[in-house]
Amino acid sequence: MPEGTQRPVLLVVEDEPTINQALADRLVAEGFSVHQAWDGPGAVAAYETYRPDLVVLDVMLPGFDGLEVCRRIQADRPVPVLMVTARDEETDILVGLGVGADDYLTKPFRMREVVARIRALLRRVERAQQLAAAGSTEPALHIGGLTLDRAGRRVETGGVEVHLTPTEFDLLALLATQPGVVLRREAILQEVWGWTDSLGTRTLDSHVKALRAKVGADRIRTVHGVGYALEAVA
Ligand code: CA
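Residues numbered from 1 in each chain as written. Predicted model: local features only at pLDDT ≥ 70, side-chain atom pairs only at ≥ 80, totals over all residues. Heavy atoms only, no water.

Engineer: How should the pattern of salt bridges be read in this particular structure?
Structural biologist: Where side chains of opposite charge bring their charged atoms close, a pairing between them can arise. With the rule as written, the count across this model stands at 16 salt bridges. Notably, a salt bridge pairs Arg119 with Glu30, separated by 3.0 Å at the nearest N-O pair. Of this pair, Arg119 sits in helix H5 (residues 111-133) while Glu30 sits in the loop between helix H1 (17-29) and strand S2 (33-37), and the two are 89 residues apart along the sequence. Arg119 gets classed as partly exposed once you look at its relative accessible area, which sits at 25%. The salt bridge partner of Arg72 is Glu68, with a shortest N-O separation of 2.9 Å. (Salt bridge = Lys/Arg side-chain N within 4 Å of Asp/Glu carboxyl O. Helix = DSSP H or I, 4+ residues; strand = E, 2+ residues; numbered from the N terminus. Buried < 20%, exposed > 50% of the residue type's maximum accessible area, 1.4 Å probe, protein only.)

Okay, here's the thing in structure tokens:
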């Protein structure tokens, strides 16, 4: 992180004590300020107390689960959430993305991968804040019944506002830069998430599914083995 800025504040939520501590130790060593919680109610309380910049959130937790934690904290204010799931089940991942998680990892994960994902998410949030602060005067885009206001980060379909997560918005905004053109999955990952690896394409595919559920399945075309395109005409 740049010198002279405050250390980002992270909240680690994980009920397995050894994993929780290993994550916290590593993230402190990486220069983050870290708070910890071990169950659902504790996570919401810690979130309200510490106002973290990002939450690393296990799905299976005592009390109530990580999905419920995500719903409650996202209702308060948008905060980047990296969800961690023990099961590589698409339904869990889709529900997680639907309640506002920005990214997810499946266990077992490597510490350096967690750190890379956290840094990428924080960079993305910072970039969005800079764009908003710069008061972009770009006109809204109108593509096949979708209206996309990049400065205000708002999307409408058929005149009705659609609530997208920051990741979903960035993904849609990227596709909207070249309507009808197929963007390669690796290029999308690099641009939106800031990283590419073998797990990345599943992350992208899951986010596209969540996005389709919100803006209409027909709007985003899949080109198998290649990538995705936003349909220029609905
Ligand atoms: Ca757990």
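Engineer: Would you take a moment to explain the coordination of the calcium ion for this structure?
Structural biologist: Angles at a metal have ideal values that depend on geometry: 109.5 degrees with four tetrahedral donors, 90 or 180 degrees with six octahedral donors. Here the calcium ion is held by the protein donor atoms Asp15 (OD), Asp58 (OD) and Met60 (O), which lie 2.1 to 2.3 Å from it. Positions of the donor residues of the calcium ion, expressed as sequence spacing, correspond to D-x42-D-x1-M. On the criterion of sequence distance, the pair formed by Asp15 in the loop between strand S1 (9-13) and H1 and Met60 in the loop between strand S3 (54-58) and helix H3 (66-76) is long-range, its members being 45 residues apart. (Donors = N, O, S within 2.8 Å, 3.2 Å for Na, K, Ca; no water.)

Engineer: What should I look at first to understand helix H6 (residues 166-176) in this one?
Structural biologist: Side chains three or four residues apart in an α-helix point the same way, a direct result of the helix having 3.6 residues per turn. Along H6, 10 of the 11 residues are buried, which leaves the element largely enclosed by surrounding structure. Three or more residues of H6 are buried, namely Thr167, Glu168, Phe169, Asp170, Leu171, Leu172, Ala173, Leu174, Leu175 and Ala176.

Function cannot be read off these values alone, since they describe shape.
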